[in-house]
Amino acid sequence: MEAFRGTILVIDDETDTCEVMRDRLESMGYQAVTATTGKQGLELLERHTPHLVLLDIEMPGMNGLEVLKEIRKREPDVKPFEPDHMALIVKKALERETLRRGVELLSEELDHRYRMVVGRSAPLNRALETAKKAAASKSTVLLLGESGTGKEIFARAIHNWSDRKDQPFIAINCVGLSRELLESELFGHEKGAFTGALNLKKGKMELGHGGTVFLDEIGDISTELQTKLLRFLQEREFERVGGTKPINVDIRIIAATNRDLDSLIQQGRFREDLYYRLNVVLITLPPLRERKEDIPILANYFLRRFAVETKKSFTGMTQETLEKLIAYDWPGNVRELANVIESAVVLGQGPMLTASDLPAKSFSVAPARVRDAFSYHQAIESYRRELILKVLAQTHGSRAAAAQVLGIQRTYLSRLIKTLRIG
């Protein structure tokens, strides 16, 4: 595997030391960025997401231990160093990073897309806490959320946290298949069950024995197939299409949809009894516009991923780029953000991702969403919430800095955060 030439952040209050360290590291083939204060170092940490941090402990203002504590919260994988062993530690740490990245990318390939649930916002953490509790049980889970919010990623996470993690995880998209094809896909068919059924075929329910079956877009299945699925959930057995022999399997069902199931039930298009069978543990995934503080984390995660995949030397993104990404409302959620960053990496030159690298799309600040049912006060509250979330994201979660940007007292900001349930 090719040696990994990572980004290294040097934080030292001595300018001369920073320059010497940068020259030495760059001569060794690494990308180095430097900061002379703890605050500046944390800003560069968010912008560049380095793989290694060389940190001076004795610094005025925010000392090294305080900086290290904050680094551990934001980027737990980066490593400190001891001056006498700098070259050896840098080499060994980044060799380890090379191996870790190789394993991580292989795992992502096996999971088809992004295996990680990335972010630290309060809405995301609430969903994650519920998912971890659900993983310890055998109960059926229903994931609700807009398109692109990461429902399959959550389903895979629940499976990987469970005692079924070494067994199959099988995902089935219920959209785009006829009732007959989807029924065969789920339950299999016997030889000669219909025209073209030349051989016996085991369905995904049978192949998933011992593991987890993820039914994506469950709101789109036909009412006839809903009946067969309901019986399976009740009895944990089924017959293949054209068969008469009951087949028992041990699988955990996770279902997901971006549709309003309550409305479908009222229209007679979704069985209420099936809904209750699916809705044992309910997890609602927040849209990206409600977790804007996660955008810098996600954006840098995708930047690193696509930089490796395209073999380009991107080390971070400019503050202007981050601000544009945060200001945008992301109707396509995390999937749209991933696509935008991938496009920018493919078209950009590096080493920093700039606003001009972003695809031709309007990243202007949109006014607060004012729904028809909103009163004046509700609209104002919605805007205040979005504004506070945006500033907190820009200040990396620092309430003191956010209060200064907003021109209000920190105590008042804390009351607003509590009142608006920002977390």
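One can find the structure itself at the top, above this paragraph.
Residues numbered from 1 in each chain as written. Predicted model: local features only at pLDDT ≥ 70, side-chain atom pairs only at ≥ 80, totals over all residues. Heavy atoms only, no water.

1. Side note on the overall build of the protein chain
Step number 1: In terms of regular secondary structure, the protein chain is built from 17 helices and 14 strands.
Step number 2: Counting all 423 residues of the protein chain, 47% fall into the buried class.
Step number 3: For the protein chain, long-range pairs separated by at least 24 residues make up 72% of all intrachain contacts whose partners lie at least 6 apart in sequence.
Step number 4: For the protein chain, the accessible surface area stands at approximately 21500 Å², while carbon and sulfur atoms represent 50% of it. (Helix = DSSP H or I, 4+ residues; strand = E, 2+ residues; numbered from the N terminus. Buried < 20%, exposed > 50% of the residue type's maximum accessible area, 1.4 Å probe, protein only. Contact = heavy atoms within 4.5 Å. Areas by Shrake-Rupley, 256 points an atom, 1.4 Å probe, with all protein chains shown as cover.)

2. Structural notes on the packing of aromatic side chains
Step number 1: Evaluation of the coordinates by the stated rule reveals eight aromatic pairs.
Step number 2: Through successive ring pairs, a cluster of aromatic residues spans Phe187, Phe232 and Phe238.
Step number 3: Seen from the ring of Trp161, Lys132 lies directly overhead, with NZ or CZ sitting 5.4 Å from the centre. (Phe/Tyr/Trp six-rings, centres within 6.5 Å; stacked < 30°, edge-to-face > 60°. Lys NZ or Arg CZ within 6 Å of the ring centre and 35° of its normal.)

3. Quick look at the side chain of Asp357
Step number 1: Along the polypeptide, Asp357 turns up in the loop between β14 (352–353) and α15 (376–394).
Step number 2: Although Asp357 is buried, it forms no salt bridge, and the closest oppositely charged side chain is Lys312 at an N-O distance of 8.1 Å.
Step number 3: Excluding its chain neighbours within four sequence positions, the residues that come into contact with Asp357 are Phe314, Ala344, Gly348, Gln349 and Met352. (Lys, Arg positive; Asp, Glu negative; His and termini not counted. Salt bridge = Lys/Arg side-chain N within 4 Å of Asp/Glu carboxyl O.)

4. Focus on unusual backbone geometry
Step number 1: Residues other than glycine seldom take positive phi values, yet Glu217 does so here, at roughly 55°.
Step number 2: In this fold, Glu217 is placed in the loop between β8 (212–216) and α9 (223–235).
Step number 3: The phi dihedral of Asn333 falls on the positive side, at around 60°, and the residue is not glycine.
Step number 4: As for its placement among the helices and strands, Asn333 is situated in helix α14 (residues 333–347).

5. Some remarks on the sheet that holds strand β1 (residues 7–11)
Step number 1: What the three strands build is an open sheet, ordered β2-β1-β3; its pairing is parallel. The open sheet has two edge strands with one neighbour each: β2 (31–35) and β3 (52–55). Ignoring strand direction, the axes of neighbouring strands in this sheet form an average angle of 20°.
Step number 2: Two elements, β1 and β3, share four bridges in a ladder whose sense is parallel. (Pairing = 2+ DSSP bridges. Axes fitted to C-alpha atoms, helices over the stretch in contact; angles between N-to-C directions.)

6. Some remarks on the pairing of β1
Step number 1: The buried count for β1 comes to five of five residues, which makes it a mostly enclosed element.
Step number 2: As defined by bridge partners, β1 adjoins β2 across five bridges and the pair is classed as parallel. Its bridge partner lying in β2, Leu9 is registered against Val33.

7. A word on the side chain of His189
Step number 1: Mapped onto the elements, His189 comes out in strand β6 (residues 188–189).
Step number 2: Among residues more than four places away in sequence, those in contact with His189 are Ser184, Phe194, Ala197, Asn199, Leu200, Lys201, Arg240 and Val241.

8. A short note on the nonpolar core
Soluble globular proteins: nonpolar side chains tend toward being buried together.
Step number 1: Counting residues in each nonpolar core, the largest one holds 30 residues, and the members touching the most others are Met205, Leu215, Leu229, Phe232, Ile253 and Phe270.
Step number 2: Secondary structure elements with two or more residues in this core: β5 (169–173), α7 (179–187), β8, α9, β11 (252–257), α10 (261–266) and α11 (272–278).
Step number 3: With five residues, the single largest contributor to this core is α9.
Step number 4: With near-sequence residues (within four places) excluded, Leu215 lies in contact with Ile172, Cys174, Leu186, Met205, Leu229, Ile253, Ile254, Ala255 and Ala256.
Step number 5: With 28 residues, the next largest nonpolar core counts Ile297, Leu303, Met317 and Leu322 among its residues. (Core = buried A, V, L, I, M, F, W, Y, C linked by side-chain atoms within 4.5 Å.)

9. Some thoughts on the packing of helix α5 (residues 122–135) against helix α6 (residues 151–161)
Step number 1: α6 packs onto α5 with a crossing angle of 40° between their chain directions and a minimal axis gap of 8 Å. In this view, α5 runs oblique relative to α6, as classed from their interaxial angle. As α5 runs across α6, the sense of the crossing is right-handed. Packed against α5, whose contacting residues are Leu124, Ala127, Leu128, Ala131, Lys132 and Ala135, the element α6 presents Phe154, Ile158 and Trp161 at the interface.
Step number 2: Residue classes in the contact of α5 with α6 are distributed as eight nonpolar, no polar and one charged. (Parallel < 35°, antiparallel > 145°, perpendicular 65-115°, else oblique. Left-handed = near helix turned anticlockwise from the far one by under 90°. Nonpolar A, V, L, I, M, F, W, Y, C, P; charged D, E, K, R; others polar.)

So, to be careful, I would describe these as geometric facts and stop short of saying anything about function.
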